[in-house]
There are 2 protein chains.
Amino acid sequence: MTDARTVRLAVVQMAMAEEPSVNDECAERLIREAAAAGAELVVLPELFRFWYFCQREDYAKFDLAEPVPGPSTERFAALARELGVALVLSLFEERAAGLYHNTAAVLDADGRYVGKYRKMHIPDDPRYYEKFYFTPGDLGFRVFDVAGLRLGVLVCWDQWYPEAARLTALMGADVLVYPTAIGWHPEERDEAGAAQREAWETIQRSHAIANGCYVAAANRFGFEPEPGGPGGLEFWGSSFLFGPDGVPLARAGSDGEAVLLVDVDRARMRRQRQGWPFLRDRRIDAYGALDRRFID
Amino acid sequence: MTDARTVRLAVVQMAMAEEPSVNDECAERLIREAAAAGAELVVLPELFRFWYFCQREDYAKFDLAEPVPGPSTERFAALARELGVALVLSLFEERAAGLYHNTAAVLDADGRYVGKYRKMHIPDDPRYYEKFYFTPGDLGFRVFDVAGLRLGVLVCWDQWYPEAARLTALMGADVLVYPTAIGWHPEERDEAGAAQREAWETIQRSHAIANGCYVAAANRFGFEPEPGGPGGLEFWGSSFLFGPDGVPLARAGSDGEAVLLVDVDRARMRRQRQGWPFLRDRRIDAYGALDRRFID
């Protein structure tokens with residue numbers, strides 16, 4: 001069996017303004033740029049409509065949320081349809097009053113809303129107070145058939161979990177995409193910054209290797225102040241696309257907008273998995289304890 | 001809670017001769033060198049007593065196997081006792097006539113045989129015909145309390161499986177060690193060699209990151225001919241030790257003997273896991289399908 005056709009995937013790196021409409025316009029401009037370069041599927045960074053509001057626990061921020069599907073999927077569905085590109089949109093979902101998710105919506109190239117993934121692993125660290133805002137996803141791990149690909153969608157903190165990548169790959173994902181918002185605490189950057197970014201890249205690269213599939217992350221860049229506080233976060237950009245052998249195919253800098261393009265080639269994926277047949281040898285008889293918190 | 005004490009771990013990289021007694025002597029020399037440098041635990045490469053015989057399927061090679069515990073654990077127990085170092089010995093185990101395992105034996109610093117791990121994931125690729133020789137392990141994933149550490153032992157092909165690393169880490173391993181025999185097909189080296197070695201390093205580094213523990217691999221180096229054939233394998237050395245943040249602490253070259261030393265520091269591990277608390281947020285309610293072959 002062979003797949004002659006490749007699918008051009010674009011990963012967008014952008015900086016966010018405080019005003020959502022400005023970010024919508026920026027995202028639209030970069031999606032148009034990607035489509036003009038032949039992209040058939042475009043991935044935007046996590047929560048691209050906002051400054052990363054999780055730097056503080058602020059009740060007022062819940063007013064930013066919206067239903068999914070809702071106004072943002074409608075706005076971008078029109079663009080998807082016009083350009084003939086599928087989109088992954090990371091949104092702040094209001095499911096009910098008092099119930100919110102960090103949700104990625106998937107639109108196909110005809111503008112059709114295909115479905116959503118709700119971030120399963122929710123972080124909570126200083127200036128990343130996501131457990132205050134987001135209920136952990138209850139839709140499980142998911143794939144979406146769009147733009148001629150089987151697309152696995154995961155979000156940011158999910159990237160640290162090999163389990164999430166594996167389960168999504170086992171559903172047949174050709175590519176795993178991670179809309180992301182990760183950066184440095186400026187006061188830690190000198191000491192730990194390089195190791196942190198390298199760990200972030202390494203763990204996702206390892207998902208490509210372990211699963212023999214493409215992996216991409218779309219991150220934001222630039223400094224965003226801590227609302228009402230002295231701190232802030234320096235988002236580190238560095239968006240990337242890895243091939244199914246773990247080789248970097250495209251990488252953005254730590255600063256600056258980028259539209260990264262890679263042709264996803266399932267024939268290459270198939271050859272890679274035949275050569276290094278990790279899926280063949282999984283010891284599924286011995287993995288039962290992975291659903292334990294700790295083995296003590 | 002704090003752990004003031006660190007434990008010095010040594011990883012040995014060596015080249016193998018055809019004659020087992022020569023390899024025993026080489027291993028002894030390098031263990032003595034490690035002990036003289038203060039090592040409390042020494043890890044040898046996979047099947048260090050032999051040329052990598054799995055390059056061909058040859059019934060005669062089963063005669064190389066021995067019980068575990070058996071002659072080799074006895075020989076090296078005397079050395080462990082003399083030097084006061086714990087050892088990880090990768091051996092070719094005969095469990096019964098017609099039943100063989102790729103087994104790592106663990107000896108404590110007083111020479112006591114502590115237990116064994118039988119390689120769970122068995123490869124089978126051209127010149128790595130391990131499925132002919134080794135029955136997949138049936139002892140599950142294991143940790144051993146030796147030299148003041150909780151040691152997780154895995155072997156070579158296991159290194160490609162995040163499940164193996166995770167399960168061993170969930171048992172409380174401070175360090176995962178991988179006796180290894182991996183190299184290039186000389187005819188592929190120019191095209192794919194760099195990517196292969198980098199993937200190998202990346203996947204193991206990712207286990208350190210995902211689990212916040214130390215990870216080490218002990219590989220062989222040098223060319224070994226394919227018995228009776230035109231080929232052979234160029235083992236790529238490159239043994240390493242990574243810290244719980246994924247930072248490389250020691251690395252050997254692709255050629256040459258090495259005794260890599262690292263002080264395993266559980267206080268550092270604890271700080272790392274507190275800072276990046278991945279274990280806290282695992283979605284154990286959603287991992288059930290990891291015991292499926294494929295989700296189709």
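Here the structure is a predicted model, which means the values were calculated and not measured. (Residues numbered from 1 in each chain as written. Chains lettered and ligands numbered in written order. Predicted model: local features only at pLDDT ≥ 70, side-chain atom pairs only at ≥ 80, totals over all residues. Heavy atoms only, no water.)

*Asks:* Teacher, can you tell me more about the interface of chain B and chain A here?
*Replies:* Quite often, the size of an interface is put as the accessible area lost when its parts meet. Each partner contributes residues to the interface: chain B has 52 residues there, and chain A has 52 residues. For the pair chain B and chain A, the summed buried area comes to about 5100 Å², and 63% of that belongs to carbon and sulfur atoms. Looking at the side of chain B facing chain A, the largest losses of area belong to Arg-283, Leu-290 and Arg-293 of chain B, adding up to 13% of the total buried there. At the boundary of chain B with chain A, the tally comes to 8 salt bridges. Linking Glu-163 of chain B and Arg-166 of chain A is a salt bridge whose minimum nitrogen-to-oxygen distance equals 2.7 Å. Where chain B touches chain A, the interface holds 29 residue pairs in polar contact (both at pLDDT 80 or more). For the side of chain B that touches chain A, the secondary structure elements donating two or more residues are helix 4 (162-170) and helix 5 (189-211) of chain B. (Contact = heavy atoms within 4.5 Å. Buried area = accessible area lost by both parts, 1.4 Å probe. Salt bridge = Lys/Arg side-chain N within 4 Å of Asp/Glu carboxyl O. Polar contact = N/O pair within 3.5 Å; in protein donor to acceptor, adjacent residues only side chain to side chain. Helix = DSSP H or I, 4+ residues; strand = E, 2+ residues; numbered from the N terminus.)

*Asks:* I'm lost on the pairing of strand 5 (residues 113-118) of chain B in this one. Help?
*Replies:* Regular strands place their side chains on alternate faces of the sheet. All names here are of chain B. Where strand 4 (residues 99-107) meets strand 5, 5 bridges bridge the pair, whose relative direction is antiparallel. Each residue of the ladder has a partner; that of Ala-104, found in strand 5, is Tyr-117. The antiparallel hairpin formed by strand 4 and strand 5 contains 5 residues in its connecting segment, where Gly-111 sits at a positive phi of about 90°. (Pairing = 2+ DSSP bridges.)

*Asks:* How do you make sense of the sheet that holds strand 8 (residues 175-179) of chain B when you look at a structure like this?
*Replies:* In sheet architecture, strand pairing relies on hydrogen bonds along the backbone and comes in two forms, parallel and antiparallel. All names here are of chain B. The 6 strands are arranged 6-7-8-10-13-14 in an open sheet whose pairing can be described as mixed. Edge positions in the open sheet fall to strand 6 (143-146) and strand 14 (248-251), since each of these has one partner strand only. Neighbour-to-neighbour, the strand axes of this sheet turn through a mean angle of 20°, independent of strand direction. Bridge analysis of strand 8 against strand 10 (residues 214-218) gives 5 bridges, and the strand direction is parallel. Bridging from a neighbouring strand, Val-177 pairs with Ala-216 of strand 10. In this fold helix 4 packs onto strand 6, strand 7 (149-153) and strand 8, with an angle of close to 135° to the strand it touches most, strand 8. Set on the sheet, helix 5 makes contact with strand 8, strand 10, strand 13 (240-242) and strand 14; between it and strand 13 the angle comes to about 30°. (Axes fitted to C-alpha atoms, helices over the stretch in contact; angles between N-to-C directions.)

*Asks:* What should I look at first to understand the pattern of salt bridges in this one?
*Replies:* Pairs can form between side chains of opposite charge once their charged atoms are near each other. Residue and element names in this part refer to chain A. The final tally for this structure, using the stated rule, is 60 salt bridges over all chains. Residues Glu-257 and Arg-29 are paired through a salt bridge, measuring 2.7 Å at the closest nitrogen-oxygen approach. Of the two residues, Glu-257 is situated in the loop between strand 14 (248-251) and strand 15 (258-265) and Arg-29 in helix 1 (residues 20-36); the sequence distance between them amounts to 228 residues. Note that Asp-145 and Arg-150 form a salt bridge whose closest N and O atoms lie 2.8 Å from each other. Here Asp-145 falls in the partly exposed class, since its relative accessible area comes to 45%. With relative accessibility at 30%, the residue Arg-150 sits in the partly exposed group. (Buried < 20%, exposed > 50% of the residue type's maximum accessible area, 1.4 Å probe, protein only.)

*Asks:* Mind showing me how you'd approach the relation of the copies chain B and chain A here?
*Replies:* For the pair chain B and chain A, the best superposition has an RMSD of 0.0 Å and corresponds to a rotation of 180° with a translation of 0.0 Å parallel to the axis. Taken together, the rotation angle and the small translation identify this as a two-fold axis. Mapped onto chain A, 100% of the interface residues of chain B are again interface residues, and the two copies thus contact each other with one and the same surface. (Least-squares fit on C-alpha atoms with pLDDT ≥ 70 in both.)

*Asks:* Sorry, what's going on with the side chain of Glu-28 of chain B here?
*Replies:* All names here are of chain B. By the element assignment, Glu-28 lies in helix 1 (residues 20-36). A polar contact is formed between the side chain of Glu-28 and the side chain of Arg-75, at a distance of 3.0 Å. Those residues within four positions of Glu-28 in sequence are excluded, and the remaining contacts are Arg-75, Phe-76 and Leu-79.

*Asks:* Would you mind going over the side chain of Asp-158 of chain B with me for this structure?
*Replies:* Residues and elements named next belong to chain B. Structurally, the position occupied by Asp-158 is in the loop between strand 7 and helix 4. Buried and without a salt bridge, Asp-158 has Lys-119 as its closest oppositely charged side chain, separated by 6.7 Å. Polar contacts involving the side chain of Asp-158 include one to the side chain of Tyr-117, which spans 2.7 Å. Setting aside its immediate chain neighbours within four residues, Asp-158 contacts Tyr-117, Lys-119, Met-120, His-121, Ala-164 and Tyr-178. (Lys, Arg positive; Asp, Glu negative; His and termini not counted.)

*Asks:* Is there a simple way to think about the packing of aromatic side chains in this case?
*Replies:* The description of an aromatic ring pair rests on the distance of the ring centres and on the angle between the ring planes. Residue and element names in this part refer to chain A. Summed over all chains, the structure comprises 55 aromatic pairs over all chains. Each ring, one from Phe-50 and one from Phe-53, has its centre 5.7 Å from the other, and the planes form 75°; the classification is edge-to-face. Assessed through its relative accessible area of 3%, Phe-53 is described here as buried. With 6.3 Å between their ring centres and 40° between their planes, Phe-62 and Phe-92 make a pair best called tilted. (Phe/Tyr/Trp six-rings, centres within 6.5 Å; stacked < 30°, edge-to-face > 60°.)

*Asks:* I tried to follow the packing of helix 4 of chain B against helix 5 of chain B on my own but got confused; where do I start?
*Replies:* Helix-helix packing is characterised by the crossing angle of the two axes and by the distance between the axes. Residues and elements named next belong to chain B. Direction vectors running N to C along helix 4 and helix 5 enclose 40°, while the axes themselves pass 10 Å from each other. When the axis of helix 4 is compared with that of helix 5, the two are oblique. The crossing of helix 4 and helix 5 is right-handed. Contacts from Pro-162, Ala-165, Arg-166 and Ala-169 of helix 4 reach helix 5 at His-207, Ala-210 and Asn-211. Tallied by class, residues from the contact of helix 4 with helix 5 come to 4 nonpolar, 2 polar and 1 charged. (Parallel < 35°, antiparallel > 145°, perpendicular 65-115°, else oblique. Left-handed = near helix turned anticlockwise from the far one by under 90°. Nonpolar A, V, L, I, M, F, W, Y, C, P; charged D, E, K, R; others polar.)

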